[in-house]
Amino acid sequence: MNDRVTIFDTTLRDGEQSPGISLNTGEKLEIAQQLARLGVDVIEAGFPAASPGDFEAVQAIAREVAGPVIAGLARAHAADIERAAAAVRDAERPRIHVFISTSDIHIEHQLQSTREDVKGGARASVAHARSLVDDVEFSPMDATRADVEFTAEVVQLAIDEGATTINVPDTVGYALPDEYARFLGRLYELVPALRDVVLSVHCHDDLGLAVANSFAGVQAGARQVECAINGIGERAGNASLEEFVMLLHTREAAVGLQTGVNTREIARTSRLVSRLTGYPVQPNKAIVGRNAFAHESGIHQDGVLKEPSTYEIMDATTVGLEANSLVLGKHSGRHALRSALEELGYEVSGQALNTAFKRFKEIADKKKQVSAMDLEALVTDELRDELRSWTLEWFDVEASNRRPPHATVQMRTPDGEIVHGNFTGDGPVDAIFRAINAATRREAQLREFRIDSVTGGQDALGEASVVLDLAGQSAAGQGVSTDIIEAAALAYVRALSNAERRVAAAAELAEEQRAEAEAQLTPTP
Ligand code: KIV
Ligand code: ZN
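Owing to the predicted nature of the structure, the values given are computational and were not obtained by experimental measurement.

1. Here we look at the coordination of the zinc ion (ligand 2)
(1) Moving on: Coordination of the zinc ion (ligand 2) by the protein involves Asp14 (OD), His202 (NE2) and His204 (NE2), with metal-donor separations of 2.0 to 2.2 Å.
(2) Moving on: Sequence spacing of the donors to the zinc ion (ligand 2): D-x187-H-x1-H. Here Asp14, found in the loop between strand E1 (6–9) and helix H1 (25–38), pairs with His204, found in the loop between strand E7 (198–203) and helix H8 (210–219); they are 190 residues apart in sequence, far enough to count as distant.

2. A closer look at the pairing of strand E5 (residues 135–141)
(1) Moving on: Of all seven residues that make up E5, six are buried, and the element is covered over most of its length.
(2) Moving on: Of the strand pairs in this sheet, strand E4 (residues 94–101) and E5 are connected by seven bridges, and their pairing is parallel. Note that in E5 the partner of Phe99 across the bridge is Ser139.
(3) Moving on: Examined bridge by bridge, E5 and strand E6 (residues 165–170) share two bridges and lie parallel to one another. Among the inter-strand pairings, Glu137 is bridged to a residue of E6, identified as Thr165.

3. Brief notes about the site of ligand 1
(1) Moving on: Around ligand 1, a shell composed of Arg13, Asp14, His97, Phe99, Ser139, Met141, Asn167, Pro169, Thr171, His202 and His204 is seen.
(2) Moving on: At 3.1 Å from an oxygen atom of ligand 1 is found a side-chain nitrogen or oxygen belonging to His204.

4. Overview of the nonpolar core
Side chains of a nonpolar character, in soluble globular proteins, are inclined to be buried together.
(1) Moving on: Among the nonpolar cores identified, the biggest contains 112 residues, and Phe138, Ile166 and Leu194 are the most heavily contacted of them.
(2) Moving on: Of the residues forming this core, the biggest block, seven residues, is contributed by helix H6 (residues 148–160).
(3) Moving on: If we ignore the near neighbours within four places in the chain, the residues touching Ile166 are Phe138, Val155, Ala158, Ile159, Leu194, Val197, Val198, Leu199 and Ser200.
(4) Moving on: Core analysis: the next-biggest nonpolar cluster, separate from the first, contains 28 residues, Leu392, Val466, Tyr492 and Val493 among them.

5. Considering helix H5 (residues 115–132)
(1) Moving on: Here H5 contains 18 residues, and its C-alpha end-to-end distance of 26 Å stays within 8% of the 26 Å for a straight helix at 1.5 Å per residue.
(2) Moving on: Taken together, the buried positions of H5 are occupied by Val118, Lys119, Gly121, Ala122, Ser125, Val126 and Ala129. An end-on view of H5 places all buried positions within 165° of arc, on one side of the element. Exposed side chains of H5 directed beyond 90 degrees from the buried face belong to Glu116 and Ser131.
(3) Moving on: Looking at the packing, one finds that the buried side of H5 touches helix H3 (78–88), E4, helix H4 (104–110), E5 and H6.

Rules used in this analysis
- Residues numbered from 1 in each chain as written.
- Chains lettered and ligands numbered in written order.
- Predicted model: local features only at pLDDT ≥ 70, side-chain atom pairs only at ≥ 80, totals over all residues.
- Heavy atoms only, no water.
- Donors = N, O, S within 2.8 Å, 3.2 Å for Na, K, Ca; no water.
- Helix = DSSP H or I, 4+ residues; strand = E, 2+ residues; numbered from the N terminus.
- Buried < 20%, exposed > 50% of the residue type's maximum accessible area, 1.4 Å probe, protein only.
- Pairing = 2+ DSSP bridges.
- Near = heavy atom within 4 Å.
- Polar contact = N/O pair within 3.5 Å; in protein donor to acceptor, adjacent residues only side chain to side chain.
- Core = buried A, V, L, I, M, F, W, Y, C linked by side-chain atoms within 4.5 Å.
- Contact = heavy atoms within 4.5 Å.
- Expected span 1.5 Å × (residues − 1).
- Arc of directions from axis to C-beta.

Structure representation (structure tokens):
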């Protein structure tokens, strides 16, 4: 059996379904380019039928990202499949990923349908997808809670209609590793043709077993693993890409399986995804947590100083965590900045280079040394601004412990008008957030606020993350500055702009659905 495991990254689809994440097309493209650099085999770029924004992002990734297969997700409906096909059409290697549930719980309660209809839906949708692209993946959703004999019948139909990959999802993260392996083993017995296609696993982490189940899956014969950077995804998330890849890498002698991932790009990909999604990485998270390679106890430190292998099973440089030597200062010029950015993988020229240089100079004036991590944060920060956004022009915050803090802001509306707002709050951050609400006349509710430093040291850049709710939609935003009040305000304004775009998109979708329903009710002449 082949010993190469295909890495199917679903950060931009299942990962993006995590509450509060709202990536725009530019941000999704940036992540997809980095995933290509990381060396994943397949990028599931989104669910094109979900919204016009999702369609646009999948299409942009299909057109611009070279290397990996680009997949679009579709329910087993003709309209979804056609949207997915149109979105991925321009990719070097397009794939449509079709799913329909095979568990009775889903068939009865969610689909309100029958097993016979599910079989018909699977057959018709795979055939339809195959008429549009050569590479079709089929997933029997909630398979691990379904009857294995019935799932096998559906899988057989999908293979007969030309599916090239069969993915078996543990949709609700319920399976145990040995159960999952047995389920896959039984599918192989019931569907011998499964050996002629790629068997894939897709595991959720509700019981903390997503990586263990994925590993059990490859030991049972699967050769594609669906996973996400930092393990993000629905509820408790998906199998973490970095954990699964480093498991195969570190224990290759015992396991004998490889991936095509360039492990040195892992840390950077993790930071980019965390920064753009606003989802922090827990400090003790395996592989990419801040403490994953730190040794606290004296005995451990002593051992590592004498011989790293005493307490380290992996070298931090293997995942790209080496101390980066790249440092710029306030005398560095545009050329040095451009080469530093190129070294980090960013091709920046023209107006984008001018803007990056201006931001860099502002920071370098306040901070003696600008490191690779600072540059990464700055470039990512610049990417976040897009059309139809509010802009913070200036702010004043008076803070004291003798009277309540007061904030005044001047902002520019998405249409270019100048507006002002002020507020006296409980603290300086509260005051500026509420002054922004006053200026924009929006009733946004703060849900989460976090501030981290990009690097160590007293003059470190502050990176703020905000999640807020606006008219039933929640959205995240980030901001970077040497001044933490400014970082917080930038993050709030971006979250507000993202939430506003979501509110508008939801209203547009509701209007389309209403018009569609009305058209169906109107009798034809
Ligand atoms: O968890 C799941 O079942 C999914 C499918 C769409 C593959 O995400
Ligand atoms: Zn999933």
